[in-house]
Number of protein chains: 2
Amino acid sequence: MTAPTLDEDLEDALAGPAAVGGVAAAGLRRARAWLTRAAEPGSVDLWRWIDEVGPVAAVRALRAGVAPEKARALVGPRAGEDASLADLRRAERCGARLVVPEDDEWPALALHPLTVAAHDGGDAGQSDRTTALVPPVGLWVRGDPPLDATVDRSVAVVGARASTAYGEHVAVDLGAQLGERGWTVVSGGAYGIDVAAHRGALAAGAPTVVVLACGVDRAYPAAHSAVFSRIVDAGGLLVSEWPPGAAPHRHRFLVRNRIIAGLTRGTVVVEAAARSGAQATARRARGLGKQVLVVPGPVTSAMSVGCHELLREPEGGAQLVGNAAQVIEAVGSLGDDLVAPAARPASPRDGLSDIARRVLDACPVRTGVSAERLAAVAGCDPLEALRVLPALELADLVQRTGTGWRLAPPPRKRG
Amino acid sequence: MTAPTLDEDLEDALAGPAAVGGVAAAGLRRARAWLTRAAEPGSVDLWRWIDEVGPVAAVRALRAGVAPEKARALVGPRAGEDASLADLRRAERCGARLVVPEDDEWPALALHPLTVAAHDGGDAGQSDRTTALVPPVGLWVRGDPPLDATVDRSVAVVGARASTAYGEHVAVDLGAQLGERGWTVVSGGAYGIDVAAHRGALAAGAPTVVVLACGVDRAYPAAHSAVFSRIVDAGGLLVSEWPPGAAPHRHRFLVRNRIIAGLTRGTVVVEAAARSGAQATARRARGLGKQVLVVPGPVTSAMSVGCHELLREPEGGAQLVGNAAQVIEAVGSLGDDLVAPAARPASPRDGLSDIARRVLDACPVRTGVSAERLAAVAGCDPLEALRVLPALELADLVQRTGTGWRLAPPPRKRG
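Residues numbered from 1 in each chain as written. Chains lettered and ligands numbered in written order. Predicted model: local features only at pLDDT ≥ 70, side-chain atom pairs only at ≥ 80, totals over all residues. Heavy atoms only, no water.

An unreviewed UniProt entry lists chain A under the name DNA processing protein, from Geodermatophilus aquaeductus. Its UniProt record gives chain A the following Sequence similarities (unreviewed entry) comment, quoted word for word: "Belongs to the DprA/Smf family." (UniProt positions renumbered as here; feature names shortened; annotations may be inferred.)

When helices and strands are counted, chain A shows 18 helices and 13 strands. The C-alpha atoms of chain A give a radius of gyration of 22 Å, which matches the 22 Å a tight globule of 415 residues would have. Summarising its shape, the C-alpha atoms of chain A cover approximately 70 × 50 × 40 Å along the three principal directions. By the burial criterion, 54% of the 415 residues in chain A qualify as buried. For chain A, the proportion of contacts with a sequence separation of at least 24, taken over those separated by at least 6, is 75%. (Helix = DSSP H or I, 4+ residues; strand = E, 2+ residues; numbered from the N terminus. Rg over C-alpha atoms; globule rule 2.2 N^0.38 Å. Buried < 20%, exposed > 50% of the residue type's maximum accessible area, 1.4 Å probe, protein only. Contact = heavy atoms within 4.5 Å.)

Another point: the interface of chain B and chain A. Chain B puts 18 residues into the contact, and the matching count from chain A is 18 residues. The junction of chain B with chain A conceals about 1,400 Å² of combined surface from both sides, 66% of it contributed by carbon and sulfur atoms. Contact with chain A buries area across many residues of chain B, yet B:Val299, B:Arg312 and B:Leu320 alone supply 47% of it, more than any other trio. The interface formed by chain B and chain A holds two salt bridges in total. (Buried area = accessible area lost by both parts, 1.4 Å probe. Salt bridge = Lys/Arg side-chain N within 4 Å of Asp/Glu carboxyl O.)

As a further point, take the nonpolar core. One finds A:Leu139, A:Leu147, A:Val269, B:Leu139, B:Leu147 and B:Val269 to be the most contacted residues of the largest nonpolar core, which totals 67 residues. Once residues within four sequence positions are removed from consideration, B:Leu139 is found in contact with B:Arg97, B:Leu98, B:Val99, B:Trp106, B:Leu147, B:Val239, B:Ser240, B:Glu241, B:Ile259 and B:Leu263. (Core = buried A, V, L, I, M, F, W, Y, C linked by side-chain atoms within 4.5 Å.)

On to the relation of the copies chain B and chain A. With an axial shift of 0.2 Å and an RMSD of 0.2 Å, the rotation relating chain B to chain A amounts to 180°. Each copy turns onto its partner about a two-fold axis. Among all residues of chain B, the one whose C-alpha sits closest to the rotation axis is B:Gly297, at a distance of 2.3 Å. (Least-squares fit on C-alpha atoms with pLDDT ≥ 70 in both.)

Now for the environment of A:Arg265. All names here are of chain A. Among the structural elements, Arg265 can be located in the loop between helix 12 (250-263) and strand 9 (266-269). A sequence separation of 27 residues divides Arg265 from Val292, and the C-alpha atoms of the two residues are 9.3 Å apart. Within the structure, the side chain of Arg265 is placed 3.1 Å from the backbone oxygen of Asp152, a separation counted as a polar contact. (Polar contact = N/O pair within 3.5 Å; in protein donor to acceptor, adjacent residues only side chain to side chain.)

All names here are of chain A. In spatial order, the strands read 3-4-8-7-6-5-9-10-11; together these nine strands make up an open sheet with mixed pairing. Of all strands in the sheet, those bounded by a partner on one side alone are strand 3 (96-99) and strand 11 (319-320). One ladder, built from four bridges, connects strand 7 (residues 208-212) with strand 8 (residues 237-240); its direction is parallel. Note that in strand 8 the partner of Val209 across the bridge is Leu237. Set on the sheet, helix 14 (residues 302-312) makes contact with strand 9, strand 10 (291-294) and strand 11; between it and strand 10 the angle comes to about 130°. (Pairing = 2+ DSSP bridges. Axes fitted to C-alpha atoms, helices over the stretch in contact; angles between N-to-C directions.)

Now for helix 14 of chain A. Considered for burial, the residues of helix 14 of chain A that qualify are A:Met303, A:Ser304, A:Gly306, A:Cys307, A:His308, A:Leu310 and A:Leu311. Where the residues of helix 14 of chain A are buried, they touch strand 9, helix 13 (277-287), strand 10 and strand 11 of chain A together with strand 11 (319-320) of chain B.

Turning to unusual backbone geometry, a few remarks are in order. Residue and element names in this part refer to chain A. With an omega of 0°, the peptide bond running from Tyr220 to Pro221 counts as cis. Positionally, Pro221 belongs in the loop between strand 7 and helix 11 (225-233). If you check the backbone angles, Arg275 has positive phi at about 50° while not being a glycine. Here Arg275 lies in the loop between strand 9 and helix 13. Exposure remark for Arg275: the relative accessible area of 76% places this residue in the exposed category.

Our next topic: the pairing of strand 4 (residues 139-142) of chain A. All names here are of chain A. Going residue by residue along strand 4, you find Leu139 and Val141 tucked away on one face and Trp140 and Arg142 tucked away on the opposite face as well. Direction of pairing for strand 4 relative to strand 8: antiparallel, over a ladder of three bridges. Paired with Trp140 across the two strands is Ser240, which belongs to strand 8.

As structure tokens, then:
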């Protein structure tokens, strides 16, 4: 039995529904697989055209040489090639898949600001692929858990590759504390702050997401090959816009940064030199209306200059954070803002006092901790924590366990 | 020949002018000397009454037992005592004097926000002497230079007594760089950050001002006796609201903090623990509409927690600074704002580009430095600095010397 050709698959996709049971049709997925190899991501023109005619028609037009001028120019001779089936199979062999917008697990809510920017954002700054705000055509994902649930409560932790011991200590600590509190750390897997944040999450037994600038079957940097494997084994994900085997070309890191900012509720910069990539990611986050959080450091450290620059930008809206509780306080509230009020059921959380919210945010998801520990993380008096905990328990928001207080499991979803 | 009695001096003061040749009448000065010993400073009620009836009538009423109830309660049995002449002589013996609002050297412009707050600020928060915003009745000053000129371009640098090596390094550096650029560092002379900032200014051969919570003939802490002497010898000043011999009672430090904030254009906090005195001074500065500038530090340092708290206060208006150029940029512009636009002659500075201003602010007043050094301080490229320096020289703002660039001396004042 031979596999269907690309043309056959595309034909089928045009005839049938886009998705069945929350999973995109095979032809649609194959069309998007073809597109991830045919065109470098980050082009607003290409994305708009695909969005307008649909991915299947777009691929057919490109292959037939009848696509719009700009789209043809971007794809060039790759229009005549097809590795879509090979890419999908290569992904499968390393435990990966292509997640597409027609899948239920597509992180549509998180990526919504990118979609809005590409749709309605005008053309200012959108012609440069390294700064354009445009959603991915699809995301290659390695690891089992669904992408949307994994990044629903996520924060990007990024920073310098040439980090200091101070920065790495802070990044590990943030990664661990965010992980303990049920937040997913998203980063770029690079040397320095990125990998320290991933390692912190791993140490807390929490999922973490690496957004790569190369194929998810490759490790870049190669020295992080073992860490990436442990991340996948621990329920985390490797994510990339590029198909399996793609090389980490220099410009791809800049294009990739918008995905780190785009998947998360906010970006924490731990250490950054002046004019650095971490600053660029933070500005992408700001451009998307997401929180920009910055960890300060000694003013004598070159690795904190970029952080302090972000905090000094008059209209920057960057917020200084010193620990995980402050990060959660900032992204938690933004999360509430992002969800349209009408669609949000009234939550017991709504009526909470400031202290109660902070204590709640300080609660770990797994092993319960003492009220004293919660108070330390929440930055309040232990007595204040003890005063609000009974009310939080009555509202089914926290649970008392043998080792202390932890978050109550969320109510089951419908369906 | 015997000295005139207090009553004789007061009588004379009522008959003659308040000041002659910019110097307050002897009786007026003696009345204010009496008041600095009779009543603890910081009372808005007392200040308003003195402002209304004048210091001479106030002293006469207090001594005659016919002052308003509140004023009498504040002064108590001290109404029957008089050490005014002894205090003035004791001050003279240690090279000090009492500067009063009727003197030309009274820093009226700097203290203006305190005066406005005491006049029109309402009574909210004004009943507690440790937080009230009220001008001093007079200031005991040890050291030769006029008080107003010394604090005209001044910045408070305050912080923790239990400072770290990092904080002290930053404070010394700030003190030296501000001093080099013609700015006076004002602080409290305490252990840790305060004295480090004073020492930095001394090292730059620049005047610095210690605002004490005891008499200017005493050294508190005693270990700083030699530093205080060097400060006076180097053209700096010791300043206090309390008369010679007064002891540094605990509550006086809090009352004193408003003078540190009040004399300066802005307050820089270098290190501060949570809920610390340095934070209190910063909040006093903010209450006066002066700049609150904060040096961040490692989030792992308890001595930076208070700094980060200030930077995180949502309505705090505190600004992060990392070096002297950023401090000067912030307080320089505030200075321009404080002076009424109509009264300000058009200055060649007005039309300068951002880079040119920063380079100008980086210029030392004494020994010229290289364009490279200026660029490093201004935070710009050496080439950019070299591009703006000729224009600054043409505008008579900078001078080229044997060792490099420095500020040009200001044009002579009228009169």
